[in-house]
Amino acid sequence: MAEPVYTPAYISTLESGRVRPSDDALRHLADRLGVAFDELASGHSARRVTELRLRLTEAQRILAVGETEAAAGQYAGLLAEAETHGLTAERSAALLGLGECALETGELVAGRQYFERAEECLAGAPLPARVPALRGRAVAHYLAGELRYAVYLLETALDELNRGGLHDPDALLLLYASAIGPYMDMGAHARAAQAAEFALALAPQSGDPALVARMHRSVARTLVAEGRLAEADASLAKAAELYRGLQIRTELANCHWMRGYVYAQDGQLERAEAELREALGMLSAKRAALYSSQVAVELADVLHRRGRSDEAAALLHDVLGHLSPERGAVHAAAAHRLLGIIAEDARRTEEAEEHYVRALSLLERAGAAGDLADLCRLLGDLLRRTGRVEAALDAYRTGLGHRTAPGTTTLGPAPAQPPL
């Protein structure tokens, strides 16, 4: 072991643990033992790590094509294996994957916990590496109706990235696209529109990322079989990046949703319907039921305004089966609000009032002050028209009270912008 550079006595001190070997000594010993330097230095088999990463990219592929339950099962197995062997990076990747699966299926508490654990694993990493976990946690809070905290998390990260010169396109894209939903629900339409434009400008361009990623995975398998592990790792890194790009389809769908909203506000209802249907198609292809439900509410509003109220009502009743106070509270309230308007137009006053009251309880919990004030106006007007003046005054006061509460209708300074 020692020849020709070291002495048998030195090797003995290493074996007894009295001396820590230098990198040069480790390289000499790795060469004599016929193993990789990294394996001897870390105690981890380089082949095992590479094979684990290969299976992580496979789980990413499964999730990217919408097979969420299968992906969750694979990620759970990989997490257990990574924890057994003490592989921190692979453990954080598995936790991140499990968090994304939970978001897709609407298991928000579990998703948030997975993202928190992933952030703990990456505590010492640069911010761009921590952004996917941070963004996942923010989205979990948003979908649970905690709008302001979600915006705080996203804007803090954006500001730190842009002020610090850490202009990572993937990280910025994830954060800007994820901010659109909470901005919209809080009534911050200008910021939502700006975030959408930044996201679309940052969106990666690729012809067929799934095909290219599949090629890199196949190449990696060949390289592993040949023992060329460093090259296999590089190929797997490219595949993982492309699968992340495929998962970003959810974020890009948000951008189409934002465009549809802008067109609807401008009265361009046909263009709005086209954009919203594009967003809904992208999300449905990924089987993202919770996100699909949110976009469907916006589409129903456009259909109602185009005179297709029956079609809108059918869509809304279907949507309410996927929403609850803990899963998409703001959009569940929006569905009830629109069903109330449709019922009121049809002179079904009691049904309209029931929907308005349900929406009111959902919005009070979520803290969506702008939507709440508008709903209280609708409810108050209905009560006044039916002769219940005192009840109408109570509804108006509720809306005004939330509208004027300190801090409920304003955001802080906008985060620093990227150099686009």
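Please read these numbers as outputs of a predicted model, since none were measured by experiment.

## Digging into the nonpolar core
At step 1: Counting 91 residues, the largest nonpolar core has L103, L175, Y176, I180, L316 and Y356 as the members making the most contacts within it.
At step 2: Once residues within four sequence positions are removed from consideration, Y176 is found in contact with L158, N162, A195, F198, A199, L202, A416, Q417 and P418.
At step 3: Counting 19 residues, the second-largest nonpolar core is a separate cluster that includes Y75, A94, L95 and L98.

## Brief notes about empty space enclosed by the protein
At step 1: Within this structure, the stated rule accounts for three cavities of 30 Å³ or more.
At step 2: Its boundaries defined by the atoms lining it, the second largest cavity holds a volume of some 100 Å³.
At step 3: Every residue along the wall of the second largest cavity is listed here: L158, Y176, A179, Y183, R191, Q194, A195, F198, A414, P415, A416 and Q417.
At step 4: Mapped onto the lining of the second largest cavity, the elements with two or more residues apiece are α10 (169–185) and α11 (189–202).
At step 5: Sorting elements by how many residues they give to the lining of the second largest cavity places α11 first, with four residues.
At step 6: Here the residues of the lining of the second largest cavity sort into nine nonpolar, two polar and one charged.

## Some words on the packing of aromatic side chains
At step 1: Within this structure, the stated rule accounts for three aromatic pairs.
At step 2: When the ring of Y6 is compared with that of Y10, the centres are 5.1 Å apart and the planes differ by 25°; the resulting orientation is stacked.
At step 3: In this structure Y6 comes out as partly exposed when scored by relative accessible area, which is 23%.
At step 4: Pairing Y149 with Y152 gives two aromatic rings, centres 6.0 Å apart and planes at 25°, and the pair type is stacked. Here Y152 and Y149 lie together in helix α9 (residues 147–163), a separation of three residues that amounts to about one turn.

About the cut-offs
Residues numbered from 1 in each chain as written. Predicted model: local features only at pLDDT ≥ 70, side-chain atom pairs only at ≥ 80, totals over all residues. Heavy atoms only, no water. Core = buried A, V, L, I, M, F, W, Y, C linked by side-chain atoms within 4.5 Å. Buried < 20%, exposed > 50% of the residue type's maximum accessible area, 1.4 Å probe, protein only. Contact = heavy atoms within 4.5 Å. 1 Å grid on protein atoms, 1.4 Å probe; cavity = no way out; pocket = protein on both sides within 12 Å on 5 of 7 lines; lining within 4 Å. Points joined across faces, edges and corners; volume = space filled by probe spheres on them. Helix = DSSP H or I, 4+ residues; strand = E, 2+ residues; numbered from the N terminus. Nonpolar A, V, L, I, M, F, W, Y, C, P; charged D, E, K, R; others polar. Phe/Tyr/Trp six-rings, centres within 6.5 Å; stacked < 30°, edge-to-face > 60°.

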